[in-house]
Amino acid sequence: MSTGQVPLRVHDVIIKGNSKTKDYLIEAEVEGIKNAGTMQELLEAAGMANAKLQALEIFDSVRITLDSGPPELPGTANVVVEVVETKNPLSGECGAYTKPAARSWTLEGSVKYKNWLGYGDLWDGSLAYGPNQTSEISAGVFLPRFKCFLTPVVARAFLLSQDWQESNTDGLEDNKKAAWTWLL
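Residues numbered from 1 in each chain as written. Predicted model: local features only at pLDDT ≥ 70, side-chain atom pairs only at ≥ 80, totals over all residues. Heavy atoms only, no water.

As annotated in an unreviewed UniProt entry, the protein carries the name POTRA domain-containing protein and comes from Cannabis sativa.

Laid out in structure tokens, this is it:
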């Protein structure tokens, strides 16, 4: 195997352990495995698929096992993808940051909820506050693959404290709030 190419064809990709995550999401991330033509390509594709699944941040562990294919089909392999979905989909972090030279500080926090709908979605909200500074509240969602879209869908809305002050003085119809939604 180290000196020459070993021809091999993938017979089947078996996915186990996903109760909430949609099958097509996992299948899309391991698509390169099906196209492997040699053992070396299969090992490389399995490593890349493992990294892609881990990067979704919705699994506690991912294990890809290569098994021999059916005896009646020599030169084939079955690939078993075992995932363990995260036990605690809610995570958060907070921190206080100082700028001694400017004599200022900020308090920031964020919360994430992973795989709520089973599409590998990441929902998050964040808050940043500092006295005499612009404060921000934001919320967003990230869908790595949603139905027929080939690219990720990202949406984010935020509101800055300057906008709160303007809405109190200028009226809502004249105010241009800093609320943006981005679709990528």
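A few words on the pairing of strand β3 (residues 76-85). Most of β3 sits inside the fold, with 8 of its 10 residues counted as buried. Of the strand pairs in this sheet, strand β1 (residues 9-16) and β3 are connected by 7 bridges, and their pairing is parallel. Bridge pairing in β3 places I15 opposite V81. Relative to β3, strand β2 (residues 59-68) runs antiparallel, the two sharing 9 bridges. Each residue of the ladder has a partner; that of S61, found in β3, is V84. (Buried < 20%, exposed > 50% of the residue type's maximum accessible area, 1.4 Å probe, protein only. Helix = DSSP H or I, 4+ residues; strand = E, 2+ residues; numbered from the N terminus. Pairing = 2+ DSSP bridges.)

Of note, E57 is a non-glycine position whose phi angle comes to about 65°, a positive value. Secondary-structure assignment places E57 in the loop between α3 (39-55) and β2. A positive phi is found at N115, a non-glycine position, where the angle reads about 60°. Here N115 is to be found in the loop between β5 (104-114) and β6 (122-129). For N115, a relative accessible area of 4% puts it in the buried group.

Bridge count between β6 and strand β7 (residues 136-143): 7 bridges; the pairing is antiparallel. Bridge pairing links S126 to S138 in β7. Counting the residues in the hairpin turn of β6 and β7 gives 6 residues, including N132, whose phi is positive at 60°. Sheet analysis places β7 next to strand β8 (residues 153-160), joined by 8 bridges and oriented antiparallel.

Quick look at the sheet that holds β2 now. Taken in spatial order, the 3 strands of this open sheet run β1-β3-β2, and their pairing is mixed. Of all the strands in the sheet, just β1 and β2 have a single pairing partner and so form its edges. This sheet shows a mean twist of 15° between the axes of neighbouring strands, independent of strand direction. In the packing of α3 onto the sheet, the strands contacted are β1, β2 and β3, and the crossing angle to β2 comes to about 165°. (Axes fitted to C-alpha atoms, helices over the stretch in contact; angles between N-to-C directions. Contact = heavy atoms within 4.5 Å.)

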